[in-house]
Amino acid sequence: MGMTDQRSIEREEVLSKARAAKAVAPVVAQLPTSTKNELLIAAADALIANTDAIIAANARDIEEGRAAGLSDSLIDRLSLNAARIEGIADGLRQVAGLKDPVGEVLTGGVMPNGIQMRQVRVPLGVMGMVYEARPNVTVDAFGLALKSGNVALLRGSKTAKHSNSQLVEILQGVLADADLPREAVQLLPCESHDSVQDLITARGLVDVVIPRGGARLIEAVVTGATVPAIETGTGNCHFYIDADADVDQGIELALNGKTRRCSVCNATETVLIDAALPDVDKLRIVTAFQEAGVTVHGDVDELGAFGATDVVEANEADWAEEYLSMDIAATVVDGVDGAIAHIARWTTGHTEAIATSNIVTAQKFADQVDAAAVMINASTAFTDGEQYGMGAEIGISTQKLHARGPMALPELTSTKWILQGTGQTRP
């Protein structure tokens, strides 16, 4: 079979599954809350019952990943064991316990002519997800999509194809056992990048696409999509330590943001140091990271001026990109205005933080920094749907339309205006 034939087959599979998803979307949209919750609990139980099969499928992915030279960190993101599967199942149970957003009345009123108006939440419809490595996203996306009345079209990565296939087979079995369409969750082919392009250009079949992964994946989806896309995730997060800060506290908060989990999108990637701080405090900030095992990147002469050593000379990428590792960029800025200017140039709009005891400075930072989240005397690690009390999240939106910040169930809905009259006509 030639490449053109294979390409046609793959494209038709994506479009066929998208058409099937569109066909069953009205069924899923109308499911009562009790049915959705029962399905989520049943799916959690089914995952636990099929732990051995999931681990066996995952072992194939790990074996193929090692043979392909995947890094240890990617292998870890890919790996499943009984404890992780229990955690994934618990995530579904948690979603079952969350408030159903569908049908919530947001606002309303009565026109002067007596027509009653109300704006209610409704499902988005067919939700495409493009994601990398982590097979837990397969189950998370299914759970959040189902609870918000949406159908999930999942395009996972080739590295997790066996795990994802096994997980979706289990989830589809739960749907079938409840006499509901298996097409409420489907896995798309992942052998080539072309299937991503087919998904994100399926206008009229797919209502929204959400990329979850690295900067390159997100950029490819957002720039190539003709379907509405919600940009998520890339977090070049800054932490500014002001001259009026409790420096010890500032160091503790910045370290927490960097070292708690350095591979996540809310990790601190750059520390900005106020030029007005004493040199001894500037040095303490840099050495605190180094003593915690973090490699500091920056202008060697600038940081060396106050005694910092073992600094790696920074290039433009150090300011522009996520490390997602035990590395951090550091630079001296001219007060809060310098910090705001640096952030404005390099931010990805995710999370920006300040340590200061000056309420005027804190307010200026909060007002002028353009990001989905601003932290004042708190770690960047708090940008998280669960921490916000939203329960499970599908990702962190860094765009400005529809949703911004952690995206949970309400963000996976749109709205509908319902007007109820008694025969009124418009003059």
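Right, let's walk through the structure included here. (Residues numbered from 1 in each chain as written. Predicted model: local features only at pLDDT ≥ 70, side-chain atom pairs only at ≥ 80, totals over all residues. Heavy atoms only, no water.)

All right, on to the sheet that holds strand S2 (residues 116-123) then. In sheet architecture, strand pairing relies on hydrogen bonds along the backbone and comes in two forms, parallel and antiparallel. With respect to topology, three strands assemble into an open sheet ordered S1-S2-S16, the strand pairing being antiparallel. The sheet is open, and its two edges are formed by strand S1 (105-110) and strand S16 (413-420), each paired on a single side. Strand-to-strand twist in this sheet, taken as the mean axis angle between neighbours without regard to direction, amounts to 20°. (Pairing = 2+ DSSP bridges. Helix = DSSP H or I, 4+ residues; strand = E, 2+ residues; numbered from the N terminus. Axes fitted to C-alpha atoms, helices over the stretch in contact; angles between N-to-C directions.)

Attention now moves to helix H15 (residues 359-368). Residues Thr361, Ala362 and Phe365 constitute the buried set of H15. Buried residues of H15, seen end-on, are gathered within an arc of 100° and therefore sit on one face of the element. Residues Ile359, Val360 and Asp367 are exposed on H15 and point more than 90 degrees away from its buried face. Looking at the buried residues of H15, the elements they touch are strand S7 (237-241), helix H14 (335-346), strand S12 (351-355) and strand S13 (373-376). Its side-chain oxygen at 2.9 Å from the backbone nitrogen of Val360, Asn358 defines the N-terminal cap of H15. (Buried < 20%, exposed > 50% of the residue type's maximum accessible area, 1.4 Å probe, protein only. Arc of directions from axis to C-beta. Contact = heavy atoms within 4.5 Å. Polar contact = N/O pair within 3.5 Å; in protein donor to acceptor, adjacent residues only side chain to side chain.)

Let us now look at the packing of helix H10 (residues 247-259) against helix H11 (residues 279-291). As a packed pair, H10 and H11 sit with axes 10 Å apart at the nearest point and diverge in direction by 25°. Regarding the angle of H10 to H11, the classification is roughly parallel. Crossing geometry of H10 relative to H11 is assigned as right-handed. Residues Val247, Asp248, Ile251, Ala254, Leu255 and Lys258 of H10 lie in contact with H11, whose contacting residues are Asp281, Arg284, Ile285, Ala288 and Phe289. (Parallel < 35°, antiparallel > 145°, perpendicular 65-115°, else oblique. Left-handed = near helix turned anticlockwise from the far one by under 90°.)

Close contact between helix H3 (residues 51-67) and helix H7 (residues 161-177) brings their axes to 7 Å; oriented N to C, the two are set at 160°. Relative to H7, H3 is oriented roughly antiparallel. Contacts between H3 and H7 involve Ala53, Ile54, Ala57, Asn58, Arg60, Asp61 and Glu64 on the former and, on the latter, Lys161, His162, Ser163, Gln166, Leu167 and Ile170. Of the residues in the contact of H3 with H7, the class split is five nonpolar, four polar and four charged. (Nonpolar A, V, L, I, M, F, W, Y, C, P; charged D, E, K, R; others polar.)

The next subject is the pairing of strand S9 (residues 295-298). Pairing geometry for S9 and strand S11 (residues 327-333), over three bridges, is parallel. Counted as the bridge partner of Thr295 is Asp327 from S11. Where S9 and strand S10 (residues 312-313) come together, two bridges link them in parallel fashion. What sits directly across from His297, in S10, is Val312.

It is worth spelling out H10 at this point. In a regular helix each residue adds 1.5 Å, so 13 residues correspond to 18 Å; H10 covers 18 Å between its end C-alpha atoms and thus fits that length. Of all the residues in H10, the buried ones are Val247, Gly250, Ile251, Leu253, Ala254, Leu255, Gly257 and Lys258. Looking at the buried residues of H10, the elements they touch are S7, strand S8 (268-274), H11, S11 and S12. The residue sitting at the N-terminus of H10 and contributing the capping side-chain oxygen is Asp246; that oxygen lies 3.2 Å from the backbone nitrogen of Asp248. (Expected span 1.5 Å × (residues − 1).)

Geometry only, nothing functional implied.
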